[in-house]
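Coordinate analysis (summary)
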Amino acid sequence: MVKYYGRTFLPWIALAIVSDVDARAGAITGLVAALVLLALDRLRSGIAWDALILETSTAVYMALLTVLSFAVPGSPALSYGASLAIAWLALTAWGTLAAGRPFTAGIARRQVDAHIAATERFRQVNVVITRAWAVGFTITAIALACVQHWAPQAIAVLVACKVAGFTLPAVFTARYTARARERATAAAARQSS
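An account of the accompanying structure is given in this report. What you are looking at is a predicted structure, and each value in this text was computed from that prediction instead of being measured. (Residues numbered from 1 in each chain as written. Predicted model: local features only at pLDDT ≥ 70, side-chain atom pairs only at ≥ 80, totals over all residues. Heavy atoms only, no water.)

Space left empty within the atom packing is revealed by a probe, the size of a water molecule, rolled over the atoms. Tallied over the full model, the rule gives 1 cavity of 30 Å³ or more. For the largest cavity, the calculated volume is near 40 Å³. Those elements that provide at least two residues to the lining of the largest cavity are helix H1 (2-8), helix H3 (23-44) and helix H4 (53-71). For the lining of the largest cavity, a count of residues per class yields 3 nonpolar, 2 polar and 2 charged. (1 Å grid on protein atoms, 1.4 Å probe; cavity = no way out; pocket = protein on both sides within 12 Å on 5 of 7 lines; lining within 4 Å. Points joined across faces, edges and corners; volume = space filled by probe spheres on them. Helix = DSSP H or I, 4+ residues; strand = E, 2+ residues; numbered from the N terminus. Nonpolar A, V, L, I, M, F, W, Y, C, P; charged D, E, K, R; others polar.)

Below is the structure:
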């Protein structure tokens, strides 16, 4: 499952890396990556739109950022690009939870049988995982905003925040998913005996 999250976050990673050199180039790179992945998932793989919530949100953000970076190149918001990007992800995650459609379910649904994806347990697991990502993104956005405000030249701290902001939720996701599978397997074994 972690490889799917890594692929899903490629536009954000590209944005983070390229924006450190040039905000406009970062926005365009992120937008192109988001659109290519969205097209590949939707057109080539036939993945349903409801399973592409995060990918669609990413493309919208990258489009808005690209417009801003060209329309108002000196915008103070561009100085907070990393924290704004992660805040957008946090809003997306919290929004999907509020709507009762955790964004991780779309990613997870690609890796399980339809009968598993239709269970309440699957939804509950994805609520927990999406909540972990939402909290992680929120904390990371706040931390990045603080560093960008008070120590914008502290590149190592900014990079460490970005890495931790994606790595910790990914590790949690992998471990929590493994435990959920183990519990489901044990429950199925108890029922069959």
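Once that is clear, we can look at the packing of H4 against helix H5 (residues 81-98). Remark: H4 packs on H5, axes separated minimally by 11 Å, with the N-to-C direction vectors making an angle of 145 degrees. Here the hand of the crossing between H4 and H5 comes out right-handed. Between H4, through Ile53, Leu54, Ser57, Val60, Tyr61 and Leu64, and H5, the contact on the second element is made entirely by Gly81, Leu84, Ala85, Trp88, Leu89, Thr92 and Thr96. Grouping the amino acids of the contact of H4 with H5 by side-chain chemistry returns 9 nonpolar, 4 polar and no charged. (Axes fitted to C-alpha atoms, helices over the stretch in contact; angles between N-to-C directions. Left-handed = near helix turned anticlockwise from the far one by under 90°. Contact = heavy atoms within 4.5 Å.)

Take helix H9 (residues 155-192) next. For H9, spanning 38 residues, the distance from its first C-alpha to its last is 55 Å, which sits close to the expected 56 Å at 1.5 Å a residue. Among the residues making up H9, those that are buried are Leu158, Cys161, Lys162, Gly165, Phe166, Pro169, Ala170, Thr173, Tyr176, Thr177 and Ala180. (Expected span 1.5 Å × (residues − 1). Buried < 20%, exposed > 50% of the residue type's maximum accessible area, 1.4 Å probe, protein only.)

The tally for this structure, following the rule as stated, stands at 8 aromatic pairs. Consider the rings of Phe137 and Phe166, whose centres lie 5.9 Å apart with planes at 65 degrees: the pair is edge-to-face. Highlighted residues: Phe137 in helix H8 (residues 120-150) and Phe166 in helix H9, separated in sequence by 29 residues. Ring pairs connect the aromatic residues Phe9, Trp133, Phe137 and Phe166, which therefore count as one cluster. It is Arg183 that lies over the ring of Tyr176; its NZ or CZ is 5.8 Å from the centre. (Phe/Tyr/Trp six-rings, centres within 6.5 Å; stacked < 30°, edge-to-face > 60°. Lys NZ or Arg CZ within 6 Å of the ring centre and 35° of its normal.)

Attention shifts here to the state of the cysteines. A complete count under the given rule lists 0 disulfides for this structure. Left unpaired, Cys146 is separated from the closest cysteine sulfur, that of Cys161, by 9.2 Å. What makes Cys146 partly exposed here is its relative accessible area of 33%. Residue Cys161 is classed as buried on the basis of its relative accessible area of 17%. (Disulfide = S-S within 2.5 Å.)

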